[in-house]
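These are the residues of each chain, in order.
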Amino acid sequence: MSETELWIRRFHPADDAATRLLCLPHAGGSAGYFFRVAQELSPEIDVLAVQYPGRQDRQREPGLTSIHELADRLVAAVLPLVDRPIAVFGHSMGATLGFEVARRLEGLGVTPTALFASGRRAPHRKRLERTHLRDDAGLIADVRALAGTDSALLDDEDVVRMVLPAIRSDYTAAETYEFRPGPKLSCPIVALVGDADPRVTLEEAEGWREHTDASFDLAVHPGGHFYLNDSMPAILRRITDHTRAAGEAASACRGAFPADHVLRSAGNASR
């Protein structure tokens, strides 16, 4: 199995789509969270849902506890798929990871059409978070409080025992992330947030503006940390409108940064 097949799930492949959308889940989440997104956006947009190690069909792999390591591994897996315009969508931990992925792609000459950063404070905004150091009961209690996982599932001890390692590794990665100063992104950033999210204030979400030289937009939706569960239609409309415009703008430049060129650049950079 290739690295691309290991990391990327294409639930509804759209081989003729003009653009792709890379979707990165929250801490403890899996690629399956974006099954509905792929279903709704295909065939216009080819959705690439990311499967982190340590869960579901990758359960036997150890989870990664560093955002930077996750980004390095993921970019290598995505490179063969940058043969057309690609946008990045990440929720919570996935937003921070998406930022680091976008940075690395731009370093290789591939500018995403946009970074959609959902439910996460700007990378430079630091909070002291130690949930990953709690015992198992404390960690599960935090997951319950955010309503990111079906509470009924967390009542099953076998399920908890199966998912807890992945949750802990993800929380560790998210809470120990260190922002490294560097060039701003060249792509637009759209920050999305719930108006009652306990994990990010509107001011912290507004801080994403500081990380792009392109346009910035802040979209506030009703709800908490998982506001997107109820706001998904509006979010998908926003993504579709953006990627449609980006795809049309880039149609004359298709192949400007083909995958083989990027792979050669990556190989040269590693030497």
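Structure: see above.
The structure displayed is predicted, hence computed values, not measured ones. (Residues numbered from 1 in each chain as written. Predicted model: local features only at pLDDT ≥ 70, side-chain atom pairs only at ≥ 80, totals over all residues. Heavy atoms only, no water.)

Undergrad: Explain the nonpolar core residue by residue, including any values.
TA: Counting 75 residues, the largest nonpolar core has W7, L22, F89 and W208 as its most contacted members. Dropping the residues within four chain positions of it, F89 is found in contact with L21, L22, C23, L24, F34, F116, S118, L192, L228, I235 and I239. (Core = buried A, V, L, I, M, F, W, Y, C linked by side-chain atoms within 4.5 Å. Buried < 20%, exposed > 50% of the residue type's maximum accessible area, 1.4 Å probe, protein only. Contact = heavy atoms within 4.5 Å.)

Undergrad: Tell me about the sheet that holds strand β7 (residues 216-221), residues and numbers included.
TA: Sheet architecture is open: seven strands sit in the order β1-β3-β2-β4-β5-β6-β7, paired in mixed fashion. Edge positions in the sheet fall to β1 (8-9) and β7, since each of these pairs with one other strand and no more. Of the strands in this sheet, β2 (19-24), β4 (86-91) and β5 (115-118) touch helix α4 (residues 93-107), which is tilted by about 150 degrees from β4. (Pairing = 2+ DSSP bridges. Helix = DSSP H or I, 4+ residues; strand = E, 2+ residues; numbered from the N terminus. Axes fitted to C-alpha atoms, helices over the stretch in contact; angles between N-to-C directions.)

Undergrad: Explain the packing of aromatic side chains to me, and be specific about the residues and the numbers.
TA: By the definition in use, this model includes six aromatic pairs. Taken together, the ring pairs in this structure connect Y33, F34, F89 and F226 into an aromatic cluster. In this structure, R58 is placed above the aromatic ring of W7, and the distance from its NZ or CZ to the ring centre is 4.4 Å. (Phe/Tyr/Trp six-rings, centres within 6.5 Å; stacked < 30°, edge-to-face > 60°. Lys NZ or Arg CZ within 6 Å of the ring centre and 35° of its normal.)

Undergrad: Tell me about the packing of helix α3 (residues 67-78) against α4, and name the residues and values.
TA: It is the contact of α3 with α4, at a shortest axis distance of 9 Å, that shows an interaxial angle of 55 degrees. In terms of orientation, α3 lies oblique with respect to α4. When you trace α3 past α4, the crossing you get is right-handed. Between α3 and α4, the contacting residues are I67, H68, L70, A71, D72, L74 and V75 on the first element and M93, T96, L97, E100, V101, R104 and L105 on the second. For the contact of α3 with α4, a count of residues per class yields nine nonpolar, two polar and three charged. (Parallel < 35°, antiparallel > 145°, perpendicular 65-115°, else oblique. Left-handed = near helix turned anticlockwise from the far one by under 90°. Nonpolar A, V, L, I, M, F, W, Y, C, P; charged D, E, K, R; others polar.)

Undergrad: Run through the environment of I8, naming residues and quoting values.
TA: You can see I8 is positioned in strand β1. Note on I8: relative accessible area 8%, which makes it buried. Sequence separation between I8 and L48 is 40 residues; the distance between their C-alpha atoms is 5.9 Å. Beyond its immediate sequence surroundings of up to four residues, I8 is in contact with L22, L48, A49, V50, L74, V78 and L81.

In short, the description is geometric, and any link to function would need to be established separately.
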